[in-house]
Amino acid sequence: MGNESKRISCIVIEDNVLAVEMMEDYIGRRDDLELLGIGHELSDVKFLVEKHNPSIIFLDLVIPPGESKGYHIGKLPATSTVIVISGVPLSEYRGILPEGKIYELPKPISFRSFDTCVNEVLDMRMNYRYGTSI
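Residues numbered from 1 in each chain as written. Predicted model: local features only at pLDDT ≥ 70, side-chain atom pairs only at ≥ 80, totals over all residues. Heavy atoms only, no water.

Draft legend 1. Looking closely at the overall build of the protein. When helices and strands are tallied, the protein shows 3 helices and 5 strands. When the elements of the protein are put in sequence order from the N terminus, they spell out β-α-β-α-β-β-β-α. The C-alpha radius of gyration of the protein comes to 14 Å, within 12% of the 14 Å expected for a compact globule of 134 residues. If one aligns the C-alpha atoms of the protein with their principal axes, the spans along those axes are about 40 × 30 × 30 Å. Burial status across the protein gives 40% buried among its 134 residues. Pairs at least 24 residues apart make up 66% of the contacts formed inside the protein by residues separated by at least 6 positions. Here the protein has roughly 7800 Å² of accessible surface; of this, 51% comes from carbon and sulfur atoms. (Helix = DSSP H or I, 4+ residues; strand = E, 2+ residues; numbered from the N terminus. Rg over C-alpha atoms; globule rule 2.2 N^0.38 Å. Buried < 20%, exposed > 50% of the residue type's maximum accessible area, 1.4 Å probe, protein only. Contact = heavy atoms within 4.5 Å. Areas by Shrake-Rupley, 256 points an atom, 1.4 Å probe, with all protein chains shown as cover.)

See below:
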């Protein structure tokens, strides 16, 4: 992987300190990912998305709202791929979700499942970029 110009930008939205440390470790193990920011509450999401326009958003579904002022995860940009990192399965989540395909990494997350999911996301993004079907 190794070419820094090919690194994919990402942010992590997670309120659990141990989960944040784990995600930092997992992202750091991959040469093709660049962690641009970490948010601990919903109010951080809008700021980080507007500042960094990340390719991938690792998102815990249950986080404090902070001063979100009406912002919700359903407003995440379609240009970002969302990977849910949550103890709440998507099938049981009753909140608003962003449009498009959402990937899911249920907690507890192993590096193997993280790596497999990220590879799938990067393959999908590459195929979309070059107009090939998966």
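Draft legend 2. Examining the state of the cysteines more closely. Following the criterion strictly, the structure yields 0 disulfides and no others. Among the cysteines around Cys10, which has no disulfide bond, Cys117 carries the closest sulfur, lying 12 Å off. Residue classification places Cys10 among the buried residues on the basis of a relative accessible area of 0%. Judged by its relative accessible area of 7%, Cys117 falls in the buried class. (Disulfide = S-S within 2.5 Å.)

Draft legend 3. Local environment of helix α1 (residues 17–28). Taking 1.5 Å per residue as the helical rise, α1 with its 12 residues ought to reach 16 Å, and the 16 Å between its terminal C-alpha atoms agrees with that figure. Among all positions of α1, only Ala19, Val20, Met23, Tyr26 and Ile27 are buried. Summarising the axial view, the buried residues of α1 lie within an arc of 130°, below the 170-degree limit, and thus occupy one face. Opposite the packed face of α1, turned more than 90 degrees from it, sit the exposed residues Val17, Leu18 and Gly28. Put simply, Asn16 is the residue that caps the front of α1, since its side-chain oxygen is 2.9 Å from the backbone nitrogen of Leu18. (Expected span 1.5 Å × (residues − 1). Arc of directions from axis to C-beta. Polar contact = N/O pair within 3.5 Å; in protein donor to acceptor, adjacent residues only side chain to side chain.)

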